[in-house]
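Given next are the chains, with one letter for each unit.
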Amino acid sequence: MKLIRNFYLGRTLLVLLIMVLYSLGLSAQTKTVRGSVVDDQKSPIPGASILIKGTSSGTITDDKGNFQVQVSGNNAVLIVSFMGMETQQVPVGTKTQINVTLLPNAIGLQEVVAVGYGVVKKKDITGSVGSISSEKLLAAPVTSLDAGMKGKIAGVSIQQTSGAPGQEMKIRIRGASSINYSNNPLYVIDGFIGADISSINPNDIASIDILKDASATAVYGSRGANGVVLITTNTPKKGNFKISLEATTGVSNMTNKYDLLSATEQMELMNLQDIAQGKTPAFSAEEIQAFKDGTKKATDWVDLVTRQGISKNYSLTATGGNDQLQYYFSANNLDEQGIVENTFYKRSSIRSNITGNLSKRVKMVFNTFGVHTSEQGNTQGTGGLNNPIGQAVNTPQMWAPYEANGELKNPRTWESYGGTFLVGNYQHPLQKIRQNQENMSDRLTSNLDLSVDLGHNFSLVVSNSGSFTSNYSGNRTLEDYITTPVANITASQNYGRSTNFIHSDVLNYENKFGKSNLKVSGVYEYSKSIYRNMSGTVGTLATLSNEWYNLSLGKPTNVGSNYGQGEMRSYMGRLNYSYADKYLLTASMRADGASNFLPENRWGYFPSAALAWRASEEGFIKDLGWVYNLKLRLGFGATGNVAVSTKDIFQQLNAAQGPNESNYPMINGAIVNGVRPAAPTDPNLTWEETKQYNAGIDYAMFGGRLSAVLDVYDKITDGVIIATSIPRYTGFPSYTSNVASISNKGIEFAITGNIINNKQFTWDANFNFSKNINKIEDLGNGVDQIFVANENPLGVWNLVGGGSKYVVRKGESMGAFYGLKAERLWQLGEEAEAKKYNSKPGEWKYADIDGVVGYSAQDRQIIGNASPDFNYAFGTTLAYKGIDLNIQCVGSVGGQIYNFTKNILSQQAFIQNADYRNRWTPENPNATFQTMPVGNDYSMQYVVSQYVEDGSYFKVSNITLGYTLPNDLVKKVKLGSVRIYASANNVLTITNYSGLDPEGSSTPNNSDAQAGIDAFSYPLTRTITGGIKVTF
Amino acid sequence: MKSKILKYIGLPIVGSAFLFAGCNDLELDTKAVVVSDTYYTDASTLEPAIIGIYGRVQRATWAIDNLSSYMGADDLTSRTGSNKAPVLEADQFARTDGNGWVTVFYNDYYTAIMDCNSFIEGASKRAGFIDEATLNNALANAYFIRGMLYFRLAVAFKNVPMPLSPKIDLTMKRTPYRNVMAQAISDLKYAEKWLVSPRDTDPTKKDGHATKIAAKAFLAKTYMQLTGYPTNETTYWDSVKIKTKEIIDNGTYSLMNDFAACFENPTQFNKEMIFSHVCEKGIFPLQAESRYYGYKWCDWGDTYMEHKYYNSFPAGYRRTFSAIGAADTANTPATDLRTKAFKVWVKDYKHPLVSKFSYGTIKGLPGFEHVWQSSNDCPAMRTSEVYLMYAEACARKGDVAEGAKYLNYVKRRAYAQGLKKQADVLALPNDFWKTDDATIDFAGGSADDLIEAILSERKYEFLGEIGGNRWLDLLRLEKVGDVNAYRIGKTVAETGEELMLGDPYDKKQWWTPIPGTEITLNPNLAE
């Protein structure tokens, strides 16, 4: 009623005003101005407000975006505004037709942001949430979600550790808090919790909202500890059937090459090394001469196993619909060929998003996504020395790849040069890169949401979503001369299927009481996932010609299966309260029960509360005039990380251990698999729990054209599940229990400037900065340090001290490199002292800290850490008429890299590193690089600090230049719009790191306790892409 | 209005919540989880656990990692450079607690011991439900392995932690050497009592389980080590004599005519092989191959013989089969593929190489399987060892004639009448080694002379075999320093061997340090 009264009052006033103005006769003429309001995509904006400046008269646009308004005189100015758009003032002048293009509001306080189980307006957010629009995500042509997110949000670090096609990147939100388990954020796609992002088609994404602090992620309870990435796919757009096609193609190349000595340099140095050891030189003068004069040719093995990678990506989207039913369809086909020969990743996907009004009160969303992926050889990106690149670099250049008749050389016929090279240890690199396998995965994900307006301010959303995944891999081992003779050939197949189902009911109540605004939501959720797989391997194949397609041709050597199930039941309540649009409160409580744990450890409770004060709504700040937005936020929340599955809470008798672990030919030579106890674990395992405090300021000025966000947080994770190293006399390397505490404290800052924004020219720039300090607070049981159990050996075995390259130590950041600290090179005159260490001048002197002369496991210390001091990113977009330019830069400062590659290339068995050109010699005693080691090469038995390097870098990660063809031209050929573009990825890197790329890493992406070792990691590439997008 | 709400709620809730979300309790789904408490249901569940234990020991003995403990003896050596530091440490008497190879066998032995402990506890709970003899025979296999491994650990590391239950104790102290040996004896006695194997009556049966005879032999070996340093309990010579005599009197086991029979895959289940770690080169993932042979010995030259040792290697068939030196490669025709395969390495490493384990790894020769994987079992107790233990016990007890008899058996078999070719040896009459052979027989002398001769025989008979008999002899008789004295203070050029960095008379160097990380993780292990 009140509203209606106001309306009448307003209209009365308006009429009065017009009458007054009219009677004054200031401007006798009134004229009718007609026009239209469109957005930057030329789509009409219905409901935009047109107000005549200085008056309260105006109109709104109709459903075609057209308006008509009466103005008096030529001095009138129209104020055109629409929610989420930049308001414009248009002088009328003599015109009678005014067409206005509204551009998106730089700050978009009215935009809605997904916060999990609902949305809120940006202005009402109380937690720390970062958002990326589809437009920003797709500014550069990306084929994966992670690539598009890179550098966009403060506090979200995205590292591309491998150049292998289809490889996921390492994503961390506000650091890492789990040592042995995943630190990957939780992905939620259209409400489907735990979605897979590697196969999503980026073109389908409408927006990404990243919940960073626990007051925001607490609604996901036991799965929210690593941050939550909410992905909303495209909502169908009502209107005529609209279709767009996009095609891109790109070529990629290695950004750098390994800096190696030439074959003759290497031979000469190895000879010197032999002479110093009193041995006969390995290479004869004639041999060296033959390589010098070209009679013999050195082999560039890396060149032989790599190629130019080519990728092709095609997408199609279509949308349309009427008031009752709207649809969005898309299809995508991606084919990426990697730079290591024979590696590829292919993806085909289709999506159908349908929305409709089933009745006046019931709305339906039905989204279905189907994707098929296939890949080959991409897991070989890790594994250090054993991977194709590692193997290629380390195969002696003196060896020829082919026999005279063109056949591959049998590696056992290569010359050992007097035992210098361990013939029999080298697979032929060209055999190593062959592939004989297929790996594919099919996934269907669907969600059906029904929203019911129950009246009386109640609404109910009932969602059911499910996903079915099927994996298949088949392969037949390829014979080679070294590891797999013909008799060892096996064929195998592996099938897996998994289903995930989530049901949730969300009941909302929303109402206004005076200045108070209240929204209460109650959530019930149940989810269940089951996986099954089965694998079979056969040997002694009757024929190899059927590959792995007919296993009945061989004798079974192994059949295995696996099964697991997890259920979770949850209750969540959330309250959003605001008073006078100034004071905001969000509080939530989630209870999760997980079947993974024993009944007494099942239930966890995850509360959160956050307060915000929109200071800019206070009169005294409004009066300042230049503050567009100022909001202070304070939040607390508790979240968890489920980390483990049912199997992990039991010490199992394991029948499925690796080869040579529990097999024995007990009777008549028949090898049988036995059972043995697997690693022990605490049966009372439960989730890791994170508590986080967050304080933040949102600030904007110049009408929102310049905005900034600052957040500080303090996060502590307790009950971190660690596989603590235990003495090996226990029979096991580790014991798993919830004992450690880890903190992450940090600051994030982002600034966005909408520097120029007019019809002809727009210029945006943004910068963000994040610093996170990770610290091990406690390791439980009075333990000061642990070693990471089951470290990836990266092809290097038998390091002194049980193979550990890392230590997790109280008071330090997770994942510190652990080894001997190189002090300096032994100098002339110190022969006697050096001899005690079996060393000589020119070799490295390491810190001997245990008081016993000689290097031992007790002399190891922390020699570096992979975690950076801070990360930053800078991005800018310029658009002038049809031309748009997008530049994205990222930087990282203070992280260290263990350059295992260089270590191995410098070892006495290889002597390939080009640094040897500048080595220490008696004549060059000031050199910083060692002489060829002839005693004990400690770098073969220890991680040594001379290979710890500063991994700081600044990268221009992408430049994209696009051109949208002029409308009139496009119209002539009956097209909606045409954009062509060219893009370069990984354009420029400024770094002191001496390896191929400071982002490249060989350590597993899901681990932070072991990070930052570069051991011949799959080389990152520079990709140049060209594309065209046509809309009909 | 109410009815409408009911309609709208009712439809989706009934349609989905009840259908899919259920209201039953969350289920701890353990359908694929195998735990000890529910596993041992009947007698057929015992054997897979025994196989698991033997499999783990096989993995610990498939390569020569354990030799890194014994390299201080005068038989084998290695070189600086390359990745040989783990084997060279003990050879240079510069042992560290960071030896990567020591860590490998230490870890594997303890893993197997824990497998035994877990099995003994889990299966013992079924006493009364499973036939007693069946259960005890299965348990006896676990006791045998545990006893044998504790013996091996004690003689390498001296005092060691000694868990006897699957319960994890993170603050355990080391158990003194003598007590670990006592545990080994107690375990082996259980094994001796309860083991039942077809090989107790027919040694040619291809069955990898331990036997009563094997338990007796390892008991004798344990007693013999106790007679010397550091316990010097010489009264145990009686026990050595009794146990070895029992085996001899039993008569099931004796010597093969062909010394090579115990090292070549098809003939290893024979009357001489009392216990071996069985290997079979299977197909992935059912693999249990041996890497004790070609890989580390031939291609990589991880270890090879000291010149002094090789130069005094008694001539005969055993030498031809066991060792290849420069002279051998120079004087044999290129058609001798076995010698040819070693030639390049003999030249490169400038040392004679151990060839006795190379069966099946040299292309072109019969039995070839693979260049660094073979199906050759890894001998852990041969009758020749029982004979030599018996001979020494006799000598120690003053019965020189009886001792010389058994020493001569071993010497004659090794010499094989001076033959060089396997075919010729196989053509010799059955048990030819029981016939006197003046060219090789013990010349006679005092008990001490006989003991010297036995030790010398042991030095060559067991070259490179698992268990390090030569090192154990030097250790128990405190001869480590004497046999290495020739290298002290000498250059590489003078001895042809690597520098002696430490002092071989320093008794601290006689024991392998347990891995340093063990002490880091449990400071109570510090000594």
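Residues numbered from 1 in each chain as written. Chains lettered and ligands numbered in written order. Predicted model: local features only at pLDDT ≥ 70, side-chain atom pairs only at ≥ 80, totals over all residues. Heavy atoms only, no water.

Colleague: When you look at the overall build of chain A in this model, what are you seeing that I'm missing?
Modeller: Within chain A, the regular secondary structure consists of 13 helices and 51 strands. The globule rule puts the C-alpha radius of gyration for 1032 residues at 31 Å, and the 33 Å found for chain A is close to it. Along the three orthogonal principal directions, the C-alpha set of chain A runs to about 115 × 65 × 65 Å. Relative to its 1032 residues, chain A shows a buried fraction of 55%. Taking all contacts inside chain A whose residues are at least 6 apart in sequence as the whole, residues at least 24 apart take part in 69%. Counting every atom, chain A has about 42200 Å² of accessible surface; 56% of that belongs to carbon and sulfur. If you average the places of the 89 positive and of the 86 negative side-chain charges in chain A, the two averages end up 9 Å apart. (Helix = DSSP H or I, 4+ residues; strand = E, 2+ residues; numbered from the N terminus. Rg over C-alpha atoms; globule rule 2.2 N^0.38 Å. Buried < 20%, exposed > 50% of the residue type's maximum accessible area, 1.4 Å probe, protein only. Contact = heavy atoms within 4.5 Å. Areas by Shrake-Rupley, 256 points an atom, 1.4 Å probe, with all protein chains shown as cover. Lys, Arg positive; Asp, Glu negative; His and termini not counted. Charge placed at Lys NZ, Arg CZ, Asp CG, Glu CD.)

Colleague: What exactly am I supposed to notice about the packing of aromatic side chains here?
Modeller: For any pair of aromatic rings, the description consists of the separation of the ring centres together with the inter-plane angle of the planes. A full pass over the atoms with the stated rule returns 67 aromatic pairs over all chains. Among the aromatic residues, ring-to-ring pairing joins Phe-283, Trp-301, Trp-399, Trp-414, Tyr-417 and Phe-421 of chain A into one connected group. Over the face of the ring belonging to Phe-344 of chain A we find Lys-346 of chain A, whose NZ or CZ atom lies 4.7 Å from the ring centre. The ring of Phe-129 of chain B has Arg-126 of chain B lying over it, and the distance from NZ or CZ to the ring centre is 4.5 Å. (Phe/Tyr/Trp six-rings, centres within 6.5 Å; stacked < 30°, edge-to-face > 60°. Lys NZ or Arg CZ within 6 Å of the ring centre and 35° of its normal.)

Colleague: Even after reading the chapter, I still don't get the nonpolar core, so can you show me in this structure?
Modeller: Soluble globular proteins tend to pack their nonpolar side chains together in the buried interior. By size, the foremost hydrophobic cluster in this structure holds 147 residues, and its most contacted members are Phe-119, Phe-144, Ile-145 and Phe-275 of chain B. If we skip the residues at most four places from it in the chain, Phe-119 of chain B touches Tyr-40, Leu-46, Ala-49, Ile-50, Ile-53, Ser-124, Ala-138, Leu-139 and Ala-142 of chain B. Grouped together as the second largest cluster of nonpolar side chains are 86 residues, Val-340, Leu-385, Tyr-947 and Ala-1009 of chain A included. (Core = buried A, V, L, I, M, F, W, Y, C linked by side-chain atoms within 4.5 Å.)

Colleague: Explanation requested: the side chain of Asn-394 of chain A in the structure shown.
Modeller: All names here are of chain A. Structurally, Asn-394 is set in helix H8 (residues 388-394). A polar atom in the side chain of Asn-394 sits 3.0 Å from the backbone oxygen of Gly-390. Not counting residues within four places of it along the chain, the set of residues in contact with Asn-394 comprises Leu-385, Tyr-426, Ile-904, Leu-905, Phe-910, Gln-912 and Phe-1016. (Polar contact = N/O pair within 3.5 Å; in protein donor to acceptor, adjacent residues only side chain to side chain.)

Colleague: What should I look at first to understand the interface of chain A and chain B in this one?
Modeller: Frequently, the measure chosen for interface size is the accessible area removed from exposure when the parts meet. Listed as interface residues are 104 residues of chain A and, on the opposing side, 102 residues of chain B. Summing the contributions of chain A and of chain B, the shared interface buries around 8500 Å²; its carbon and sulfur component is 61%. Across the contact surface, chain A and chain B share 1 salt bridge. The residue Asp-115 of chain B makes a salt bridge to Arg-676 of chain A at a minimum N-O spacing of 2.6 Å. Looking at the side of chain A that touches chain B element by element, the count peaks at 7 residues for strand S26 (residues 555-579) of chain A. The class makeup of the residues in the side of chain A that touches chain B is 44 nonpolar, 48 polar and 12 charged. (Buried area = accessible area lost by both parts, 1.4 Å probe. Salt bridge = Lys/Arg side-chain N within 4 Å of Asp/Glu carboxyl O. Nonpolar A, V, L, I, M, F, W, Y, C, P; charged D, E, K, R; others polar.)

Colleague: Mind showing me how you'd approach unusual backbone geometry here?
Modeller: Glycine aside, negative phi is the norm for most residues, and most peptide bonds take the trans geometry. Of the consecutive residues Tyr-229 of chain B and Pro-230 of chain B, the connecting peptide bond is found in the cis state with omega at 0°. Note that Pro-230 of chain B resides in the loop between helix H8 (212-227) and helix H9 (236-250). The backbone of Ala-580 of chain A shows a phi angle near 55°, a positive value even though the residue is not glycine. Its place among the elements puts Ala-580 of chain A in the loop between S26 and strand S27 (583-594). Residues other than glycine seldom take positive phi values, yet Gln-417 of chain B does so here, at roughly 55°. Examined against the element boundaries, Gln-417 of chain B turns out to sit in the loop between helix H16 (400-415) and helix H17 (422-426).

Colleague: Sorry if this is basic, but what is going on with the sheet that holds strand S50 (residues 1013-1014) of chain A here?
Modeller: Residue and element names in this part refer to chain A. Taken in spatial order, the 3 strands line up as S47-S46-S50 in an open sheet, and their pairing is mixed. Either end of the sheet is taken by a strand with one partner, and the two such strands are strand S47 (948-950) and S50. Here strand S46 (residues 896-899) runs beside S47; their pairing, made up of 3 bridges, is antiparallel. Counterpart to Tyr-898 in the pairing with S47 is Val-948. (Pairing = 2+ DSSP bridges.)

Colleague: How do you make sense of the pattern of salt bridges when you look at a structure like this?
Modeller: Scanning the model with the defined rule gives 79 salt bridges over all chains in all. Measuring nitrogen to oxygen at the nearest pair gives 3.1 Å for the salt bridge that ties Asp-711 of chain A to Arg-633 of chain A. Remark: Arg-633 of chain A occurs in strand S29 (residues 627-641) and Asp-711 of chain A occurs in strand S35 (residues 706-725); sequence separation between them is 78 residues. In this structure Asp-711 of chain A comes out as buried when scored by relative accessible area, which is 2%. Arg-633 of chain A gets classed as buried once you look at its relative accessible area, which sits at 4%. Put simply, Lys-31 of chain B and Asp-29 of chain B hold a salt bridge, and the shortest N to O gap is 3.0 Å. Asp-29 of chain B gets classed as buried once you look at its relative accessible area, which sits at 5%. Within this structure, Glu-272, Arg-318, Lys-356, Arg-382, Lys-411, Arg-413, Glu-457, Glu-461 and Glu-465 of chain B form a network of salt bridges that share partners.

Colleague: Quick question: what am I supposed to make of empty space enclosed by the protein here?
Modeller: Which parts of space are left empty comes out when a probe the size of a water molecule is rolled across the atoms. Residues and elements named next belong to chain A. Evaluation of the coordinates by the stated rule reveals 12 cavities of 30 Å³ or more. Around the second largest cavity, the lining comprises 17 residues; the ones closest to its centre are Val-115, Thr-126, Ala-216, Arg-574 and Thr-586. Of the residues that constitute the lining of the second largest cavity, the class distribution is 8 nonpolar, 7 polar and 2 charged. (1 Å grid on protein atoms, 1.4 Å probe; cavity = no way out; pocket = protein on both sides within 12 Å on 5 of 7 lines; lining within 4 Å. Points joined across faces, edges and corners; volume = space filled by probe spheres on them.)

Colleague: Whenever I open this one, the sheet that holds strand S40 (residues 816-819) of chain A confuses me. Can you help?
Modeller: Paired through backbone hydrogen bonds, the strands of a sheet run either parallel or antiparallel to each other. Read across the open sheet, the 4 strands follow the order S38-S39-S40-S43 (chain A); overall the sheet is antiparallel. Each of the sheet's edge strands pairs with one partner strand only, and the pair in question is strand S38 (785-786) and strand S43 (861-865) of chain A.

Colleague: What is the right way to read the domain arrangement of chain A from this model?
Modeller: Assigned domains within chain A: domain 1 (29-102), domain 2 (112-236) and domain 3 (646-684). Summarising the inter-unit geometry, the C-alpha centres of domain 2 of chain A and domain 3 of chain A are found 39 Å apart. (Domains from an automatic or database assignment.)

Colleague: How do you make sense of the pairing of S46 of chain A when you look at a structure like this?
Modeller: Pairing geometry for S46 of chain A and S50 of chain A, over 2 bridges, is parallel. The residue bridging Tyr-898 of chain A from the neighbouring strand is Ile-1013 of chain A, located in S50 of chain A.

Colleague: Can you walk me through the packing of helix H3 (residues 46-61) of chain B against helix H6 (residues 132-157) of chain B in this structure?
Modeller: For any two helices packed against each other, the geometry comes down to the angle between their axes and how far apart the axes lie. Residues and elements named next belong to chain B. Orientation of H3 relative to H6, taken along the N-to-C sense of each, is 20°, at an axis distance of 10 Å. Classified by the interaxial angle, the pair formed by H3 and H6 is roughly parallel. Here H3 runs over H6; the crossing is left-handed. Each of Leu-46, Ile-50, Ile-53, Tyr-54, Val-57 and Thr-61 in H3 lies in contact with H6, whose residues at this interface are Thr-134, Leu-135, Ala-138, Asn-141, Ala-142, Phe-144, Ile-145, Met-148, Leu-149 and Arg-152. (Axes fitted to C-alpha atoms, helices over the stretch in contact; angles between N-to-C directions. Parallel < 35°, antiparallel > 145°, perpendicular 65-115°, else oblique. Left-handed = near helix turned anticlockwise from the far one by under 90°.)

Colleague: Explanation requested: the packing of H8 of chain B against helix H15 (residues 383-396) of chain B in the structure shown.
Modeller: All names here are of chain B. The geometry of H8 relative to H15 is characterised by a closest axis approach of 11 Å and an angle of 40° between their N-to-C directions. Taken together, the axes of H8 and H15 are oblique relative to one another. The hand of the H8/H15 crossing is left-handed. Taking contact as the criterion, the partners of Ala-217, Ala-220, Lys-221 and Met-224 in H8 are, on H15, Glu-385, Val-386, Met-389 and Glu-392. Split by residue class, the contact of H8 with H15 holds 5 nonpolar, no polar and 3 charged.

Colleague: Teacher, can you tell me more about helix H7 (residues 177-194) of chain B here?
Modeller: Each α-helix winds once per 3.6 residues, and so residues spaced three or four apart point in a common direction. Residue and element names in this part refer to chain B. Here H7 contains 18 residues, and its C-alpha end-to-end distance of 26 Å stays within 8% of the 26 Å for a straight helix at 1.5 Å per residue. Of all the residues in H7, the buried ones are Tyr-177, Val-180, Met-181, Gln-183, Ala-184, Ile-185, Asp-187, Leu-188, Ala-191 and Glu-192. Looking at the buried residues of H7, the elements they touch are H6, H8 and H9. (Expected span 1.5 Å × (residues − 1).)

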